[in-house]
Amino acid sequence: MITAEFLVKGVVQGVGFRWFTRREARNLGLKGFVRNLPDGSVLAVAQGEESAVARLEEALHRGPQGS
């Protein structure tokens, strides 16, 4: 088990990025949280199997449509 913190910048607020991140993390069996930050970025913390966290990282690079 590992814990990883991701700071995502760019067009991430107003495009469903938090919802997308929660859905992807649940589908991968991860625990954690995701929140908007005052500077317009999104912070995500995920805990679980290393391979699942790596797949979440890939999904965060891709992001939801519109991000």
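Reading the values: rules and limits
Residues numbered from 1 in each chain as written. Predicted model: local features only at pLDDT ≥ 70, side-chain atom pairs only at ≥ 80, totals over all residues. Heavy atoms only, no water. Axes fitted to C-alpha atoms, helices over the stretch in contact; angles between N-to-C directions. Helix = DSSP H or I, 4+ residues; strand = E, 2+ residues; numbered from the N terminus. Parallel < 35°, antiparallel > 145°, perpendicular 65-115°, else oblique. Left-handed = near helix turned anticlockwise from the far one by under 90°. Contact = heavy atoms within 4.5 Å. Nonpolar A, V, L, I, M, F, W, Y, C, P; charged D, E, K, R; others polar. Core = buried A, V, L, I, M, F, W, Y, C linked by side-chain atoms within 4.5 Å. Buried < 20%, exposed > 50% of the residue type's maximum accessible area, 1.4 Å probe, protein only. Salt bridge = Lys/Arg side-chain N within 4 Å of Asp/Glu carboxyl O. Pairing = 2+ DSSP bridges. Phe/Tyr/Trp six-rings, centres within 6.5 Å; stacked < 30°, edge-to-face > 60°.

## Let's talk about the packing of helix α1 (residues 17–27) against helix α2 (residues 50–62)
Turning to step 1, where the next piece is worked out: Packing of α1 against α2 brings their axes to within 10 Å, and their N-to-C directions diverge by 155 degrees. Between α1 and α2, the crossing angle belongs to the class labelled roughly antiparallel. You can see that α1 and α2 cross each other, and the crossing is right-handed. Taken together, the residues of α2 that come into contact with α1 (itself represented by F17, F20, T21, E24 and A25) are L56, A59, L60 and R62.
Turning to step 2, where the next piece is worked out: Of the residues contributing to the contact of α1 with α2, the split by class is six nonpolar, one polar and two charged.

## A closer look at the nonpolar core
Turning to step 1, where the next piece is worked out: F6, F17, L30, L56 and L60 are the most contacted members of the largest nonpolar core, which totals 16 residues.
Turning to step 2, where the next piece is worked out: For this core, the secondary structure elements donating two or more residues are β1 (2–8), α1, β3 (42–48) and α2.
Turning to step 3, where the next piece is worked out: At four residues, α2 tops the list of elements feeding residues into this core.

## Considerations on the pattern of salt bridges
Turning to step 1, where the next piece is worked out: In the structure shown here, the tally under the stated rule is one salt bridge.
Turning to step 2, where the next piece is worked out: In this structure, the salt-bridge partner of R23 is E24, at a minimum N-O distance of 3.1 Å.
Turning to step 3, where the next piece is worked out: With relative accessibility at 32%, the residue R23 sits in the partly exposed group.

## Quick word on the pairing of β3
Turning to step 1, where the next piece is worked out: Within β3, six of the seven residues are buried, which leaves the element mostly enclosed by the surrounding structure.
Turning to step 2, where the next piece is worked out: Bridge count for β1 against β3 is seven bridges, and the pairing is antiparallel. Paired with L7 across the strands is L43, a residue of β3.
Turning to step 3, where the next piece is worked out: Counted between consecutive antiparallel strands, the loop separating strand β2 (residues 31–36) from β3 contains five residues, among which G40 sits at a positive phi close to 95 degrees.

## A few points about the packing of aromatic side chains
Two aromatic rings, taken as a pair, are described by how far apart their centres are and by the angle between their planes.
Turning to step 1, where the next piece is worked out: Using the criterion set out here, one finds one aromatic pair in the structure.
Turning to step 2, where the next piece is worked out: Aromatic pair F17 and F20: ring centres 6.0 Å apart, planes at 55 degrees, arrangement tilted. Of this pair, F17 and F20 both sit in helix α1, separated by three residues, roughly a single helical turn. Across the pair, exposure class does not vary: F17 and F20 are buried alike.

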